[in-house]
Structures are given as C-alpha cells and as structure tokens.
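Structural characterization, general
Next come the chains, spelled out residue by residue.
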Amino acid sequence: MTDSKYFTTNKKGEIFELKAELNNEKKEKRKEAVKKVIAAMTVGKDVSSLFPDVVNCMQTDNLELKKLVYLYLMNYAKSQPDMAIMAVNSFVKDCEDPNPLIRALAVRTMGCIRVDKITEYLCEPLRKCLKDEDPYVRKTAAVCVAKLHDINAQMVEDQGFLDSLRDLIADSNPMVVANAVAALSEISESHPNSNLLDLNPQNINKLLTALNECTEWGQIFILDCLSNYNPKDEREAQSICERVTPRLSHANSAVVLSAVKVLMKFLELLPKDSDYYGTLLKKLSPPLVTLLSGEPEVQYVALRNINLIVQKRPEILKQEIKVFFVKYNDPIYVKLEKLDIMIRLASQANIAQVLAELKEYATEVDVDFVRKAVRAIGRCAIKVEQSAERCVSTLLDLIQTKVNYVVQEAIVVIRDIFRKYPNKYESIIATLCENLDSLDEPDARAAMIWIVGEYAERIDNADELLESFLEGFHDESTQVQLTLLTAIVKLFLKKPSETQELVQQVLSLATQDSDNPDLRDRGYIYWRLLSTDPVTAKEVVLSEKPLISEETDLIEPTLLDELICHIGSLASVYHKPPNAFVEGSHGIHQHSADQFAIMKQYFSVLQVWLPATKAKGLEIAGTFSRRQGHMYMDMTFINKALQHMTDFAIQFNKNSFGVIPTTPLPIHTPLMPNQSIDISLPLSTIGPVMKMDPLNNLQVAVKNIIDVFYFSCLIPLNIFFVEDGKMERQVFLVTWKDIPNENELQYQIKECHLNADTVSGKLQNNNIFTIAKRNVEGQDMLYQSLKLTNGIWILAELRIQPGNPNYTVTNPFFSTDIVFAAHIARSE
Amino acid sequence: MIGGLFIYNHKGEVLISRVYRDDIGRNAVDAFRVNVIHARQQVRSPVTNIARTSFFHVKRSNIWLAAVTKQNVNAAMVFEFLYKMCDVMTAYFGKISEENIKNNFVLIYELLDEILDFGYPQNSETGALKTFITQQGIKSQTKEEQSQITSQVTGQIGWRREGIKYRRNELFLDVLESVNLLMSPQGQVLSAHVSGRVVMKSYLSGMPECKFGMNDKIVIDKQGKGGTADDAGKSGKQSIAIDDCTFHQCVRLSKFDSERSISFIPPDGEYELMRYRTTKDIILPFRVIPLVREVGRTKLEVKVVIKSNFKPSLLAQKIEVRIPTPLNTSGVQVICMKGKAKYKASENAIVWKIKRMAGMKESQISAEIELLPTNDKKKWARPPISMNFEVPFAPSGLKVRYLKVFEPKLNYSDHDVIKWVRYIGRSGIYETRC
C-alpha cells in the first residue's frame, strides 16, 4: 500500500491527465484515478471540472470505489447541481439493495448532498429506511432526518418524518433510539416552542432503558437529552438520578460529564434534608477527580466545568483541594485552570498548604502563570482573613526577588489587600516605594499611586513621589492619570500647606491640557469642590470607602445557572452562554431547558404582585404557567433596597385548589442591591383546600431577612387544566344530556376573529380538547371538555358564526364561562 | 455537532479533510493552519475559537487532528472522539505518522464516513469495524454475514462478535499501576495517588460471561458482616479503599452500582477492563532525600539519597533518578555508590540509572555543579527531582481475588480456562521538590 504517491502528482495539465485516466477501460486504472482526485480534493485543489467523469465511475460493484465517488459527490454536488442529478438513480437503486450496509450507505450519502432536486428524491427511500427491518439502516435513517431538516425543514414536517422519528424512540434497538434522540434534540433547537421530544414519563423510561445498552456515544446523546427534562416531582427526579448515577463509572469522560450535568440539575429538585441528597452529593466528587487523570485536553474541559461546579456547590469538592495542585509537566492551560479552582476552594483549613504551593508557582517560568499565582496569593489574603498576614509577607518576599512582572503584579494585589484591611499593613509601604522606578505597567503604576495617595499622611515624601509621576503626565494611560489626579487631591487635603503648588499643577494639566473628557470633568469637579468648600471636599474625597467583597470574579448567578445546564458543552468551556458564540442560535432557552428561561417565552408579561414601596424595597413580579404537565409560579425578585437580602422563604395560605410550592424558594445566594433574580417555583395541588373568593385567589407570604410581606394574586385557571382532559365521546354525550338545563350558562365572547380550527388548536394548546365538531346552519359548533387538577370535568359548547366575531359559549356547569373568556383572549 | 474533521502534518498541510456540515467551509482549514499550527507557540488552550468557529485539537507525534464546529457541542465528547479516532487508526495501521496517514487515506475516509455521521459519533469499536471495513469490498458476504455485521454494529454487545473459537481458552490479566508522588524537600507527602488499570487479554470461545473480583474494601466489608467478626477483622486488613473507578463499556454499570460486582462479556483480544484510583495506604516504593547547597554564586553541591521501601525479596528495575541542573551549568562531577550517573547538558539534568535494586536498601549520589556567573536576575526555578522505576507488585495493595468465566452454551468450564495474573507498579509522576 503506497497510496501516498497520490499526494505527490503536482505537474501542470494534471486535470487533463486525470480526465483521461477516469475514462480508462480498465477498472483498476479508474479506481487509481479516483483516488488521485480525492487526494487533490483533500489538499484543496479544485477538481470540480471532473464531475461527469467521476460520476461515471459510480456504477460499480466495488464498494471502495463507490465510497470514494460518494465522497467526491458530497463535496462538489452543490457546485454542479444539474450534473448531480445523474447520480440519483444510482442512489435510489442502492436504497433497495439487499445488503443493509449498502442501503445505509446510500441513504447516508444522499442526505449529505444539498441539492434540492436530489432531496426530493430522498423522501421515499428515507421513509422506507426509517421502517427498515435492519437496525443499522434505521439508525442511519434517523440521522438522515436531521440532515434533511437542515436542508429543508418544511419538507421534513410535511412528509411526517418527525412522527416517524418520534416512533423510533420506542425502537427495540438502543442505538436507533440514541440516534433518534440526537436527531430530535437537534431539530427541536430550531423549534423552540414545540414539544418535539415529547418528554413524558413513559418516554423517559424508554430512554433510561436504552441508556444501559447503547454505545458510549449514544449514552451521551441520551444523557444530554435527559438533562432537558423537568421531572414532575422529587420522587421522579430521584428515581431518574438513581438510574443515571451508574454512568459516573464509565470510562468515557463525556458520559461522566453528561451524567454529572443531569445530576447537578436534578439536585435542585431534591429536598436538601433528605438522605439521598447527601449521598448523591458525595457520589459526585470521586468521578470529577478521576477526570483529572485523563488526557490533558479532557482535563481542561473537566477543569472548566469543575470551576462552575465549585461555584454552584462548593461542598462537593471542598475536601479535594490537593488534586488541583499543579504538576510540573501539566500543560499551561491545565495549570492556569487548576490555579483558579485552588483559590475557589481555599479556606482556613487548607490555607497553609495552598500558600506554600502558590509560593512555589511564583518561581515558575511561564509569565502568565506566575502572574496568576501572585494574584492568587492576594486573593487568598482577601478571602481568608486569618491568612492575610502570611500572604502579605509572602508577597514581600516575592517583591524582593525583583523580577519585574512579579513585583508589578504583587503591588496590584497589595492595593486590594489595603482596601480590604485598611490601616493594618502600612508598615510595608516603604518596601513598596523602593520599587517605584521599575513599574512600567499602567495597572501597577495606578495601584502604587493609589497607595501613596491613600496613605499620604504617613509617607514623608509623598509629594515628591507623586510629583515624579507628574512629569510625564500626558504619556500615562487614562487610568493612571485619573488615579494620579485623585491621589494628589487627597494629598492636598491631608497636607494643604506644602502641596498647594502641586495640586494646582495637576488640576491645570487635567483641565487645560488634556482632551480626555473624563479627566477634564473630574479635574473641574475637584477644582470647584476645593475652591468653594474645602470641608465638603474633604468629606467627599476622603470618605470611607466600602470594603471590597471577598469573592472576586465570581460568575453572575443567573449565568452560572444557565452554564450548569450546559455542563460538558462548549458553553461550559468558554463560560459564555451559547448565543454568545453560536451564530443565529435560536431557541437557546428551550435548549438549555433552563426553567427560568423557558418562562420568559411563555409569558413575557409579569404582573407586579408586591410593589417595592410596600415591602421595604423588595419587589416581586410574577405569573403562573403550566409546562410539560407541571405548574410553576414564575417570579422575578428585585432588590430595590440599599442592603442585601438573604433568607428568603415563601408560604401560601389555604386555597381553593390546594396549591402549595413543592420546593423551598430557590434563592440561595444573597440578593444584592439593584440585583434581580428570576425563579420558577414548581407547584402542586396536594395542599389543604379552602374555598376562596374569587375562586382563584391565592394569598402568599414572603419572608426575607428584613421582614415578612403579604400579597395576594389571581391564578389563571388554565394552569389547572390537566393534559388528560379529553373526555371519551360517548361519555361526553351522556354527561351532557344528564345535566339539567337550569345548570346551563351562556356567555358571549366578543371580537374574536378566528375560525373553528384555529380556535380548537389554540384551546388544545391549553388543554381544552375538542371532542366533536359539527356544522349546523352555517354555524360551527365545537364540543369541548377539560379537566381540572381536582378531578372536576368541565364541558362546553362553542358556537361560531362565520363573519360574526362574537362567539357563544354554552356551558352546562358552573361559572367557568369566565375562564373561557379569559382563556381565548389569552391564547390569542 | 462536529462540523468537520481535518488532519494536518507539522507544516500545516492538510492530509485529510472531511466536512460534515454546511456551516463549515474550506476557509476553516486555512484558519486553523494560520492561527494555531503556524503560530508556533505553546498551545494555550486545546479549544481555539476563530471567527465564531471552534477548533478542538489534539496532537499525536507531529500530526494535528482538529475537529471543527460552529455549534455548542459537547466538548468532552469531541475530545473523546478524537482520542477514539486515534485508537482506531492505530489499530488499523499502526503509528499515527504522516506517511501512514498518506498511505491509508482512502481507508481513513472510509472510517470517517462510518464512525461519524452528520457529526454524530457512531459505533467506533475496532472489533466491530474490522468486520466490515476491510479495504477489500464486501461483495462476497452472504446474507447471514451481513445481518450479523449490522446486528453487531448496532447491538448491545457491539464489542464482540459471535462464533469465536479457541482450542485453548486462555486469559491474561495485568494489574498495571502508576504511583504518583509529590513530596516536599522536608519529606512531607504533598500528594500521592495510584492510578491503576486492569488490562486483559482474553482468548475465550463463544460469548463467555465473566466475573472479576478484587480486595475492594466495600465488598470485603460487606462479606465480612456475614461471617464471623474475626474473619472481618482479618480480611479488613488486606482490603483497599478505592476512591473511584471507571469501566470499559462491556461492564454492566448498573450492576456495579447496586451490588458492586464487576460482570461483563469481554471483547476478544486486548482491552482495558477498568481504571481506578486510590489515595489511602499507598506503598511508596522509593523515598528520595535531596540536599542542595549553594556554595557561593558559582557552585552547587547536590546530594541525593534513595531508599527502597518494600520486601527485601523483591527487585525493583529500571530505576532512574533525574536531578535537574541550572541552565548556566558549566561542569558537573558525580560520584555514585551504585549504577551509572551522567550529566546530560542537553536535558539540563544529571541522570542516574540503576538496573536493579532490592527492597529495604539505600543508595546515594553526590554531585558538584560548577556554574557560569550570570547577571540574570531571575532565580533558577529548581524543578523537582523526578524518578522512574518498575516494581513487581501493586503499590495500591490491590489483589485479584478471582476471575470466573461462564459459558453455558459451550462445553468448557471455569477450570478449563488458563489464567495468568501479573502485577506491575510503575512510577507515574514521582517527584520530590528540592
């Protein structure tokens, strides 16, 4: 075998020669020639002009040659659509071949050819292949539906391929199931609102069964799909978790990470005090650690994800800090990530070890890594108060090394330490000042200037030091200029007698010679402050600064929640939501299956239930929704107070439908001033019942660290309409007749310009089912049923006259007419 | 999903290019070459995003494999797939090199067509692939053979074909461990763990059902409860605590999860049954005691003692101690009691090799390192002293208790199978800071 020779032909007139060879009489010669063509195609030469000659070679029983021609076709069919038609016959014939491998090959290749005319011919063979007796053909056909959808989504819907695909979820072969799931998941991304996958407990059960039997890749598809499911209660969540946990021992790290994703998501639904919750948390840690013994690339993916996991649930890995210690031979990207996680896990218990490690790292070779290590020492000081002193002395040691970038980085972090622990470590200022000259980075210069300004009263030659920076004022970066301006003003307020000249100099530099508006503005403000009221100036400039927070660069909680839903994926590697790097990504919300995100699609209009004025700054706006058979109370909490809020809890008064929340309020992080959080509270109707007026009134109490607040809201009745509210036709007829006429109510819905079919479709979306339809004297009569969560059936007759926008609803039961009216209005 | 897969040589020339999705164009091939291969710097991330296109890359010798996508794919899966791709290629034609890839490019395209469909990885078990991707064409197969192939490729036991026959049923079981250590100069263990693998070669007829047992603490404790307290105490000592383990896809994971028993139908030939990790009660076969003294600015004195810490009857082999030297080393004099030591200027290290060493022994090396005076402000980073060795026992303490084979359909029993067990402990990253 010396196929490499095909790569070397490089002379002129090559195409011409190839053409001749492709038309050679001998089979072997032709095969050789096709190989040459493919080799040329690989290296990027344009061999599209050989199209007819290559396609001619397609009629062969040599499978190797056939595959090569197909490969060529996939590449060039688009540029030669008319010629590509020549291949159709051969494909269609192959789809009927007795050999399943050839049938699959044909349907697989056909799906890759993006030429409309060929696609038309694909439908019939594809339909057959989806029902083929051989699982190999079916699993290939399943993927082919996704291919076809990518080319022509409408056609896939019109031809009913989506239903066939859904049927394959119940296939007896696990690999067919896995590919069908993969295809459906992909297609559903472009249909954010449809419930394509139709995840219900039966289907979930089928997936979990296939999970045990299919290939490692199939397991990944299934797990990724499972993570989009919202279990209806904690029991279901737990039983899914139990069946997913064994996957944590799989050799394939992607299977492990996808299993972790499912578990991390479902953990939210489990009661925190249950035994199972604790066990599950414990089970998560060893597999995560094991991921770090894989190949470096997988380690990197794992580390980026662990970074998210330790932010969401630090308890999982808090004992494992040692495994994140950097090894000398780790690739740099692994080192940097490990360092990040070390800081997140640093605590009083392990700080001594962590510091010793960091000191070691600060002497390494890679500049980025060393800088990050130095920065990490500073972050330790801020995070673990008891260690601050040791961190500072470590930083001083590092400054003594005089390695330029180490010194600069150290000075930047020391500024932060000063801000966290004011008036504690000023003794080291002298050492810092010795390094003034070596600072050439804006960050470091600004930090140093800030320190000098802040502690001007304790530095004898503060004026000299600051003056030295002033010389090249206009060459400095804006950051340095602004800091220098403030520092000199501070100095002046502290030692007014000696620094009058200096302050005037800087003010004129900032206001007269600079063309930076920020700088000028700040200069003018200081100038006026100083000239009108020095006392106020002092109050403003030297006011007490708020302490900096302990944890820096934490990912914002809502983003973190979204990223947790994407564990294992590229989004979790970039730490960005998918729409930030995927072009034209639609339906991200659906894809992420983020409970909060879905909400926004369903009801964008939130009602303000509790205005901030009535609740000491807490504002709650919300709505109710029903998704995949579950009820949710979707709320946005906004903190409009000046202090942060914690310890949230919620309680409902007894109500007509026995609605109670199934989980505690999912707000785990403090809500900072001006921050808001979107939550989705799952509800159930198993609570105590008390008739309310109006019927759908719900009284709610919300508690936070400040106080307890009460409000009431109306639950739209449609969220109580259950999915199995379709009454048997016969039963409907009998029930309808049994109801005495005096119980009947009539109601008119005005201004509704829809025809009967649309109305019935819209109502069905809200679980109001049309049992029968008839046309009497030009009027459409719709007979409908729905069932409430408490088992009460409601029947209705809807009369629609064409041309008359007013509908008449006859309702044999009690006052649900209101419901209907409200309902149709809503479904518009 | 994966939009395209490219293979490059070290110059950035494309050897294989297969595009699966319409959103990946030919320009992606060039973007990767220019931005990653030609950048000629250390790889700062194995995932590179160029113009909203993500490139996942791994390197094998001087060959680059890159998977390209524009979607939010499962990143771990893409890397696992690339590794798998490498395994499959190695199984078909040996080492992954430019020459081998060029020689087998038709085969590679055929494989890529089979194991990746529209960017979704499909069955990639070499055992299964080799039944129908042969580079010979598949004309000659009978209908039965064809359906056997497809049922194997899509089946529940995709890694083994039916009808395997051996005259002699034989099993080789290797417990391969690599012991990792990071020790402080003062002799304090900063971190230590064993990552082990159980590698099996099975030559068994039919579809045998196997059960593997080892001295796993959880299992032993469970059994101990049934027996007398005395038994439990005795066996407890010999059992080991496994932090975590992962299994080949042939192992029934749900069974392991519920009963902690390892049962499976093995692939034919060689495969890795399980990987595990332990951190408790590790036997550290060697202890390294370094002593570095700076004598003035131009001289370093280094003394390193190694002590072997295992049964005197056992022999460690292939011992190598690597003592890093500063970049400005001008000359080195070494004296060692045992083995050979050499200063390797190109590697900036003194390499001390000992062929064999029994347990409970001690050996020493001392070296004087002359340094050129430099005005380099930066201090020497003092990389750790690393060690390599091989010992004939499992440093984790793992013992194989049994490996039972059942094949109800064929007439051979567990006793007829010839079984071989071997333990090898190797050094992983075994470092002592100095």
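Residues numbered from 1 in each chain as written. Chains lettered and ligands numbered in written order. Predicted model: local features only at pLDDT ≥ 70, side-chain atom pairs only at ≥ 80, totals over all residues. Heavy atoms only, no water.

On to the overall build of chain A, then. Looking only at helices and strands, chain A features 37 helices and 13 strands. Taking the contacts inside chain A whose residues are at least 6 apart along the sequence as the reference set, 65% of them involve residues at least 24 apart. (Helix = DSSP H or I, 4+ residues; strand = E, 2+ residues; numbered from the N terminus. Contact = heavy atoms within 4.5 Å.)

Our next topic: the overall build of chain B. The helix and strand inventory of chain B stands at nine helices and 23 strands. With the principal axes as the frame, chain B shows a C-alpha extent of 80 × 70 × 35 Å. The burial tally for chain B puts 54% of its 434 residues in the buried class. By sequence separation, contacts in chain B at least 24 residues apart represent 71% of the contacts at least 6 residues apart. Of the accessible surface of chain B, which amounts to about 19500 Å², a share of 49% is contributed by carbon and sulfur atoms. Side chains of chain B carry 65 positive and 45 negative charges; the gap between the two charge centres is 6 Å. (Buried < 20%, exposed > 50% of the residue type's maximum accessible area, 1.4 Å probe, protein only. Areas by Shrake-Rupley, 256 points an atom, 1.4 Å probe, with all protein chains shown as cover. Lys, Arg positive; Asp, Glu negative; His and termini not counted. Charge placed at Lys NZ, Arg CZ, Asp CG, Glu CD.)

Here the focus is the sheet that holds strand S23 (residues 418-432) of chain B. All names here are of chain B. Read across the sheet, nine strands follow the order S11-S13-S9-S8-S23-S21-S16-S19-S18 without closing on themselves; strand pairing throughout is mixed. Each edge of the sheet is formed by a strand with only one pairing partner; in this case those strands are strand S11 (244-247) and strand S18 (340-344). The average angle at which neighbouring strand axes cross in this sheet is 15°, direction not considered. Relative to strand S9 (residues 189-203), strand S8 (residues 170-183) is paired through 14 bridges, and the arrangement is antiparallel. Along S9, the bridge assignment pairs Glu 170 with Tyr 203. (Pairing = 2+ DSSP bridges. Axes fitted to C-alpha atoms, helices over the stretch in contact; angles between N-to-C directions.)

Take the sheet that holds strand S17 (residues 329-336) of chain B next. Residues and elements named next belong to chain B. The sheet built from four strands is open, its strands ordered S14-S15-S20-S17 with antiparallel pairing. Of all strands in the sheet, those bounded by a partner on one side alone are strand S14 (286-295) and S17. For this sheet, the mean angle separating the axes of adjacent strands, direction not counted, is 15°. Here strand S15 (residues 299-308) pairs with strand S20 (residues 362-371) via nine bridges, running antiparallel. Looking at the pairing, Lys 299 lines up with Glu 370 of S20.

Counted under the stated rule, the structure contains 69 salt bridges over all chains. The partner of Lys 78 of chain A in a salt bridge is Asp 22 of chain B, with the nearest N and O atoms 3.0 Å apart. Placement of Lys 78 of chain A in the loop between helix H4 (63-76) and helix H5 (81-84) and of Asp 22 of chain B in the loop between strand S2 (14-19) and helix H1 (26-37) is noted, with the two residues assigned to different chains. On the basis of relative accessible area, Asp 22 of chain B is assigned to the partly exposed category, the value being 37%. One salt-bridge network, held together by shared partners, links Glu 268, Lys 312, Arg 313, Glu 315 and Asp 561 of chain A. (Salt bridge = Lys/Arg side-chain N within 4 Å of Asp/Glu carboxyl O.)

Attention now goes to the nonpolar core. Of all hydrophobic cores here, the largest spans 281 residues; its most connected members are Tyr 72, Leu 126, Leu 358 and Phe 418 of chain A together with Phe 56 of chain B. A per-element tally of this core places helix H2 (residues 75-93) of chain B first, with 13 residues. Excluding residues within four positions of it along the chain, Phe 418 of chain A makes contact with Tyr 425, Glu 426, Ile 428, Ile 429, Leu 432, Trp 450, Ile 451 and Tyr 455 of chain A. Membership of the second largest hydrophobic core comes to 45 residues, among which are Phe 624, Phe 711, Ala 756 and Leu 788 of chain A. (Core = buried A, V, L, I, M, F, W, Y, C linked by side-chain atoms within 4.5 Å.)

Viewed as axis vectors pointing N to C, helix H2 (residues 27-42) of chain A and helix H4 (residues 105-115) of chain B meet at an angle of 75°, and their least axial separation amounts to 11 Å. Judged by the angle between their axes, H2 of chain A and H4 of chain B are roughly perpendicular. Here Lys 35, Ile 38, Ala 39 and Thr 42 of chain A of H2 of chain A lie close against H4 of chain B, whose contacting residues are Phe 105, Val 106 and Tyr 109 of chain B. A class-by-class count of the residues in the contact of H2 of chain A with H4 of chain B yields five nonpolar, one polar and one charged. (Parallel < 35°, antiparallel > 145°, perpendicular 65-115°, else oblique. Nonpolar A, V, L, I, M, F, W, Y, C, P; charged D, E, K, R; others polar.)

On to unusual backbone geometry, then. Residue and element names in this part refer to chain A. With a phi angle near 55°, Asp 647 is a residue other than glycine that sits in the positive phi range. Summarising the element assignment, Asp 647 is placed in the loop between strand S3 (630-639) and strand S4 (649-652). Taking relative accessible area as the criterion, Asp 647 reaches 48% and is therefore assigned partly exposed.

In this section: the packing of helix H19 (residues 332-345) of chain A against helix H20 (residues 351-361) of chain A. All names here are of chain A. Contact geometry for H19 and H20: axes closest at 11 Å, N-to-C directions at 155°. When the axes of H19 and H20 are compared, the pair comes out roughly antiparallel. Our pair here, H19 against H20, has a crossing hand that is left-handed. Touching Leu 339, Met 342 and Ile 343 of H19 are Val 354, Glu 357, Leu 358 and Tyr 361, all from H20. Its residues placed into classes, the contact of H19 with H20 shows six nonpolar, no polar and one charged. (Left-handed = near helix turned anticlockwise from the far one by under 90°.)

What follows concerns a positive patch on the surface. All names here are of chain B. Judged by side-chain charge, Lys 340, Lys 342, Lys 353, Lys 355 and Arg 356 come together as a positively charged surface patch. Among the elements that take part in the positive patch, strand S19 (residues 349-358) stands out by supplying three residues, more than any other. You can see Lys 353 is positioned in strand S19. Owing to a relative accessible area of 44%, Lys 353 belongs among the partly exposed residues under this scheme. (Patch = residues over 30% accessible without salt bridge, like charges linked within 9 Å, V, L, I, M, F, W, Y side chains within 5 Å.)

Let us now look at the packing of aromatic side chains. Residues and elements named next belong to chain B. Applying the stated criterion to the full structure yields 29 aromatic pairs over all chains. Here the aromatic rings of Phe 247 and Phe 256 are separated by 4.7 Å at their centres, their planes lie at 65°, and the arrangement is edge-to-face. With a centroid separation of 4.9 Å and 90° between ring planes, the pair formed by Phe 389 and Tyr 430 is classed as edge-to-face. With Phe 389 in strand S21 (residues 385-391) and Tyr 430 in strand S23, this residue pair connects regions lying 41 residues apart in the sequence. (Phe/Tyr/Trp six-rings, centres within 6.5 Å; stacked < 30°, edge-to-face > 60°.)

So, about the environment of Val 298 of chain A. Relative to the assigned elements, Val 298 of chain A resides in helix H18 (residues 296-312). Since its relative accessible area comes to 4%, Val 298 of chain A is described here as buried. When the C-alpha positions of Val 298 of chain A and Phe 720 of chain A are compared, they lie 46 Å apart, and in sequence the two are 422 residues distant. The contact partners of Val 298 of chain A, leaving out residues within four places of it in the chain, are Ser 253 and Leu 291 of chain A together with Phe 79, Glu 80 and Tyr 83 of chain B.

Attention now moves to helix H17 (residues 275-291) of chain A. Buried residues of H17 of chain A: Tyr 276, Tyr 277, Leu 280, Leu 281, Leu 284, Ser 285, Pro 287, Leu 288, Val 289, Thr 290 and Leu 291 of chain A, and no others. Those residues of H17 of chain A hidden inside the fold are in contact with helix H15 (234-244), helix H16 (253-267) and H18 of chain A together with S11 and strand S13 (269-278) of chain B.

Residues and elements named next belong to chain A. Of note, Asn 767 is situated in the loop between helix H36 (756-765) and strand S10 (769-776). Owing to a relative accessible area of 10%, Asn 767 belongs among the buried residues under this scheme. Reaching out from Asn 767, the side chain makes a polar contact with the side chain of Glu 723 at a distance of 3.3 Å. Look past the residues within four positions of Asn 767 in its chain and what remains in contact with it is Arg 626, Phe 721, Val 722, Glu 723, Ser 785 and Leu 786. (Polar contact = N/O pair within 3.5 Å; in protein donor to acceptor, adjacent residues only side chain to side chain.)

Taken together, the contact pairs 108 residues of chain A with 91 residues of chain B. Between chain A and chain B, the buried area comes to about 8700 Å², and carbon and sulfur atoms account for 55% of it. Counting the contacts that link chain A with chain B gives 13 salt bridges. Measuring nitrogen to oxygen at the nearest pair gives 3.8 Å for the salt bridge that ties Glu 360 of chain A to Arg 433 of chain B. Summed over the shared surface of chain A and chain B, the result is 42 residue pairs in polar contact (both at pLDDT 80 or more). For the side of chain A that touches chain B, the leading source of residues is helix H9 (residues 135-151) of chain A, giving eight residues. Here the residues of the side of chain A that touches chain B are counted per class, giving 54 nonpolar, 23 polar and 31 charged. (Buried area = accessible area lost by both parts, 1.4 Å probe.)

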